[in-house]
Amino acid sequence: MLRTLFRRFVKTLLWFAVGSVVLVLLFRVVPPPFTALMIERKVESWFGGEPIDLQRDWQPWDQISDSLKVAVIAGEDQKFPEHWGFDISAIQAAFAHNGRGGSIRGASTLSQQVSKNLFLWSGRSWLRKGLEAWFTALIEVFWPKQRILEVYLNSVEWDDGVFGAEAAARHHFRVSADALSRQQASLLAAVLPNPRVWNASRPSPYVLRRASWIRQQMSQLGGDSYLLGLDHARRAPWAQ
């Protein structure tokens, strides 16, 4: 009986591995129609008694402001072009900080956030983190960096039920995603750590300071020209 259970377990793992690879390859070329986080928010609203209408309008890479692309990298993951999904130094710093107690610091890269938002549920369980690592590795292997950032910008949450750059630009500033100014882009990037509490169109003093810092970082990275090397900055993992 144990042998049978073990065989079934191995078979299930193999089917999951194959299925997840196929799904990741599919989403390399096909826009994901929805994300796990969108489903989660919808279900939460039903149970909370206040159903929400999800806002999302997928936009291809060329129809999203370059300023927003650079702002998100500057604010969330400045090593994004260089790493293979995991920022080891940031993870070590987060472990050291969290070990001292107090507030919890995360170390998720943009790639990890895409994996979590697209495929998984919220939470801090080891199972969720393990699956996140698996999907992060897959998208880093099978997607170029430009695709990872494109999916991120079309999937990230910018207010309750507001997903993606196009919906966020119209919701907060009444413009399209390709018309976002540098300042508007920095404000959107500034609220990403807590977009359901902070508001890009009605920024608190802290959000304004963070947006100003992000604009400084954008200039230091090289502005829009920084995107030209997005898919050419990584070295092979064994050369790290």
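With an unreviewed UniProt entry as reference, the chain is termed Biosynthetic peptidoglycan transglycosylase, source organism Pseudomonas marvdashtae. Recorded under Subcellular location (unreviewed entry), the UniProt text for the chain is reproduced unchanged: "Cell inner membrane". UniProt, in its Pathway (unreviewed entry) section for the chain, records the words "Cell wall biogenesis; peptidoglycan biosynthesis."

Draft legend 1. Expanded view of the environment of Leu 192. Inspection of the secondary structure puts Leu 192 in the loop between helix H9 (182-190) and helix H10 (205-221). Assessed through its relative accessible area of 8%, Leu 192 is described here as buried. For the pair Leu 192 and Val 72, spaced 120 residues apart in the sequence, the C-alpha separation amounts to 8.4 Å. Aside from chain neighbours lying at most four places away, what touches Leu 192 is Val 72, Glu 76, Tyr 152, Val 156, Glu 157 and Trp 158.

Draft legend 2. Summary view of a nonpolar patch on the surface. Taken together, the side chains of Phe 6, Phe 9, Val 10, Leu 13 and Leu 14 make up a nonpolar region of the molecular surface, amounting to roughly 500 Å² of accessible area. On the secondary structure map, Leu 13 appears in helix H1 (residues 2-29).

Draft legend 3. Region of the structure containing the pattern of salt bridges. Within the structure shown, the criterion is met by 12 salt bridges. Between Glu 140 and Lys 145 there is a salt bridge, with the nearest N and O atoms lying 2.9 Å from each other. Glu 140 sits in the buried class, given a relative accessible area of 1%. The salt bridge involving Glu 166 is made with Arg 170; its shortest N-O contact spans 2.6 Å. Placement of both Glu 166 and Arg 170 in helix H8 (residues 165-173) is noted, with a separation of 4 residues, approximately one turn of the helix. Residue classification places Glu 166 among the buried residues on the basis of a relative accessible area of 6%. A residue is classified by how much of its surface remains accessible, and Arg 170, at 48% relative accessible area, is partly exposed.

Draft legend 4. Highlighting the UniProt feature "transmembrane region" (unreviewed entry) in the chain. This chain's UniProt record puts "transmembrane region" (unreviewed entry) on residues 12-30. Secondary structure within residues 12-30 divides into 95% helix and 0% strand; the distance between the first and last C-alpha atoms comes to 26 Å.

Draft legend 5. Just the environment of Leu 13, in detail. By relative accessible area, which is 44% here, Leu 13 ends up partly exposed. Each C-alpha atom, one on Leu 13 and one on Glu 44, is 30 Å from the other, the two residues being 31 residues apart in sequence.

Draft legend 6. Quick peek at helix H7 (residues 145-155). Burial runs high along H7: 10 of the 11 residues are buried. Along H7, the residues classified as buried are Lys 145, Arg 147, Ile 148, Leu 149, Glu 150, Val 151, Tyr 152, Leu 153, Asn 154 and Ser 155.

Draft legend 7. Inspection of unusual backbone geometry at higher detail. Its identity is not glycine, yet Arg 174 carries a phi of approximately 60°, on the positive side. With a relative accessible area of 76%, Arg 174 lands in the exposed category.

Draft legend 8. Broad picture of the packing of H1 against helix H6 (residues 126-142). H6 packs onto H1 with a crossing angle of 45° between their chain directions and a minimal axis gap of 10 Å. Taken together, the axes of H1 and H6 are oblique relative to one another. Taken as a pair, H1 and H6 cross one another with a handedness that is right-handed. Residues Phe 16, Ala 17, Ser 20, Val 21, Val 24, Leu 25 and Arg 28 of H1 lie in contact with H6, whose contacting residues are Leu 131, Trp 134, Phe 135, Leu 138, Ile 139 and Phe 142. Looking at the contact of H1 with H6 residue by residue, the class counts come to 11 nonpolar, 1 polar and 1 charged.

Draft legend 9. Spatial organisation of H9. Of all 9 residues in H9, 7 are buried; the element is thus mostly enclosed. By the burial criterion, the buried members of H9 are Gln 184, Ala 185, Ser 186, Leu 187, Leu 188, Ala 189 and Ala 190. Looking at the buried residues of H9, the elements they touch are helix H3 (66-76), strand S1 (157-159), H8 and H10.

Reading the values: the criteria
- Residues numbered from 1 in each chain as written.
- Predicted model: local features only at pLDDT ≥ 70, side-chain atom pairs only at ≥ 80, totals over all residues.
- Heavy atoms only, no water.
- UniProt positions renumbered as here; feature names shortened; annotations may be inferred.
- Helix = DSSP H or I, 4+ residues; strand = E, 2+ residues; numbered from the N terminus.
- Buried < 20%, exposed > 50% of the residue type's maximum accessible area, 1.4 Å probe, protein only.
- Contact = heavy atoms within 4.5 Å.
- Patch = residues over 30% accessible without salt bridge, like charges linked within 9 Å, V, L, I, M, F, W, Y side chains within 5 Å.
- Areas by Shrake-Rupley, 256 points an atom, 1.4 Å probe, with all protein chains shown as cover.
- Salt bridge = Lys/Arg side-chain N within 4 Å of Asp/Glu carboxyl O.
- Axes fitted to C-alpha atoms, helices over the stretch in contact; angles between N-to-C directions.
- Parallel < 35°, antiparallel > 145°, perpendicular 65-115°, else oblique.
- Left-handed = near helix turned anticlockwise from the far one by under 90°.
- Nonpolar A, V, L, I, M, F, W, Y, C, P; charged D, E, K, R; others polar.

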